[in-house]
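Analysis of the macromolecular model
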Amino acid sequence: MENQEFLIPLNGLAPGKTIFRWKADRMFFEGFGNAGILDADLVAEAVVEKAGRKTDVDCSVSGTVTVQCDRCMDDLVLPVDTGISLAVRYGQETGEDEADGRETVHVQAGEHVLDMRQVIYDYVCLSLPMQKFHEEGGCNPDALAVLRGGISLHGQEEPASPFAALGGLFAGKAEDKE
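An account of the accompanying structure is given in this report. Numbers given to residues run from 1 along each chain, matching the order in which its sequence is written. Restriction of local features to residues with pLDDT of at least 70 applies here, the model being predicted, together with a cutoff of 80 or more for giving and counting side-chain atom pairs; totals for whole chains, interfaces and linings are based on all residues. The side-chain quantities take in all heavy atoms of the structure and omit both hydrogens and water.

**Details of unusual backbone geometry**
Backbone geometry at F6 places phi at a positive 60°, although glycine is not the residue there. Along the chain, the position of F6 falls in the segment before β1 (7-9). Only protein chains enter the accessibility calculation, which uses a 1.4 Å probe. A residue is then buried if its area is under 20% of the maximum for its type, exposed if over 50%, and partly exposed in between. F6 sits in the buried class, given a relative accessible area of 5%. Notably, M73 is not glycine yet its phi reads approximately 70°, a positive angle. Here a helix means four or more residues in a row that DSSP labels H or I, a strand means two or more in a row labelled E, and each is numbered from the N terminus.

And the structure:
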């Protein structure tokens, strides 16, 4: 079942398994204000199993996201392959939920849908590495040359040490005392 709204209708869901598929692209991440993900080509597939008042959701998200390389600032395509296991519980949190190793999601009375947007967004972002950079030799060589050589402002050489400018500070104080 194709559903671009990332919603699982809880009322009227037939007992047994139901499959939902969604696509997440750049616009999906822009909706969360995430400028760090430049592009995305992800497919999320949720298998929802309903048995009485018990509803379990097993969701897999796979594809790629494009981010900026932390070293050379060029585009970097990263693979995404993550799984989400949820246990849907109705009513207030009791602290005694048995979720069989699943993350418990509480749905309040009167809510008829489970919105998966935030869950999918969170799991994708958490699946990305903290430091994002190309494999060895994959970075832009021009950017790496600048990083290795340092940046010169106005054609002047930068001092080797950030404390080199303080060297003349104490020399001037000694002359003043004489």
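**Quick look at the pattern of salt bridges**
Whenever a carboxyl oxygen of Asp or Glu lies within 4 Å of a side-chain nitrogen of Lys or Arg, that contact is scored as a salt bridge. For the structure shown, the criterion picks out six salt bridges. In this structure, the salt-bridge partner of R102 is D56, at a minimum N-O distance of 3.8 Å. On the criterion of sequence distance, the pair formed by R102 in the loop between β5 (75-90) and β6 (103-107) and D56 in strand β4 (residues 54-68) is long-range, its members being 46 residues apart. Here the two residues R102 and D56 agree in accessibility, since each one is buried. The partner of D115 in a salt bridge is R117, and the shortest N-O contact between them spans 2.3 Å. Through salt bridges with shared partners, a single network forms among K54, D56, D58 and R102.

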